[in-house]
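Given next are the chains, with one letter for each unit.
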Amino acid sequence: MKKIITILSLSVGLLSSSAWAFQTIVLVRHAEKVDESRDPLLSTQGQKRAQDLSRVLRDADIGQVYVTEFQRTQATGKPLADLRQLPLTPYSAKESLALGAQLRDSKKNTLVVGHSNTINTVLKGLGIDNMAPVADDEFDRLVIVTLSKDRVPSVTLLRY
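Since this is a predicted model, take the numbers as computed values, not measurements.

Rules used throughout
- Residues numbered from 1 in each chain as written.
- Predicted model: local features only at pLDDT ≥ 70, side-chain atom pairs only at ≥ 80, totals over all residues.
- Heavy atoms only, no water.
- Buried < 20%, exposed > 50% of the residue type's maximum accessible area, 1.4 Å probe, protein only.
- Helix = DSSP H or I, 4+ residues; strand = E, 2+ residues; numbered from the N terminus.
- Pairing = 2+ DSSP bridges.
- pLDDT = per-residue confidence, 0-100.
- Contact = heavy atoms within 4.5 Å.
- Axes fitted to C-alpha atoms, helices over the stretch in contact; angles between N-to-C directions.

Engineer: Residue-level account of the pairing of strand β4 (residues 109–114), with values.
Structural biologist: Most of β4 sits inside the fold, with six of its six residues counted as buried. The two faces of β4 match: Asn109, Leu111 and Val113 on one face and Thr110, Val112 and Gly114 on the other face are all buried. The pairing of strand β1 (residues 23–29) with β4 spans five bridges and is classified as parallel. The residue of β4 that forms the bridge with isoleucine 25 is threonine 110. Pairing of strand β2 (residues 62–67) with β4, which is carried by five bridges, proceeds in the parallel orientation. Among the inter-strand pairings, valine 67 is bridged to a residue of β4, identified as valine 113.

Engineer: Give me the confidence of the model for the protein chain: which residues, what numbers.
Structural biologist: Per-residue confidence for the protein chain gives a mean pLDDT of 91; residues scoring 70 or more make up 87%. The model gives residues 14–20 a pLDDT under 50, and that stretch makes nine contacts with residues more than four places away or in other chains.

Engineer: Break down the sheet that holds strand β3 (residues 88–90) for me, with residues and values.
Structural biologist: Within a sheet, each strand pairs with its neighbour through backbone hydrogen bonds, oriented either parallel or antiparallel. Reading across the sheet, the six strands line up as β3-β2-β4-β1-β5-β6 and stay open at both edges, with mixed pairing between neighbours. Each edge of the open sheet carries a strand with a single partner, namely β3 and β6 (151–159). With direction set aside, neighbouring strand axes in the sheet form an average angle of 25 degrees. Of the strand pairs in this sheet, β1 and strand β5 (residues 141–148) are connected by six bridges, and their pairing is antiparallel. Bridge pairing in β5 places valine 26 opposite isoleucine 144. Docked against the sheet, helix α3 (residues 71–84) engages β1, β2, β3 and β4, running at close to 160 degrees with respect to β2.

Engineer: Describe in detail the pairing of β5, supporting the description with residues and values.
Structural biologist: Of all eight residues making up β5, eight are buried, and the element is well covered by its neighbours. Neither face of β5 is left uncovered, since the one carrying Arg141, Val143, Val145 and Leu147 and the one carrying Leu142, Ile144, Thr146 and Ser148 both have all their residues buried. Where β5 meets β6, seven bridges bridge the pair, whose relative direction is antiparallel. Among the inter-strand pairings, isoleucine 144 is bridged to a residue of β6, identified as threonine 156. Between the antiparallel neighbours β5 and β6 lie two residues.

Right under this line is the structure:
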């Protein structure tokens with residue numbers, strides 16, 4: 001696991017080293033939850049995954065962290081937000097398409113924590129509509145979108 005985290009850190013670090021020419025948007029689904037209730041907390045495994053995400057993205061020059069109104073997304077994004085001394089910026093899960101469009105005009109590298117049914121909607125707002133759906137039991141997908149004014153967005157799919 002440490003080897004994977006190191007490789008992911010290097011990959012994201014390389015993407016952020018070109019921050020002057022590109023904007024990087026990282027999208028993840030919230031980490032594992034304790035149950036299937038409407039607004040559950042993260043499980044112990046989910047809390048560990050949130051910490052792993054913070055370690056993977058620590059050098060990615062993330063300047064803003066977007067989370068939905070649900071505590072599982074907030075708990076997933078909080079370790080990185082705390083590390084980078086950033087506030088958690090809430091967005092409505094129902095407004096995921098609008099968030100994606102809004103992020104195209106942002107200049108900051110961004111982490112977006114969403115849900116299995118919102119990640120692809122945010123991607124669509126960013127101009128990307130060919131990503132496979134996120135499965136209900138999938139918590140390790142790390143989607144890195146690189147935006148440039150001169151090119152079509154590029155997408156890198158990793159696991160963490």
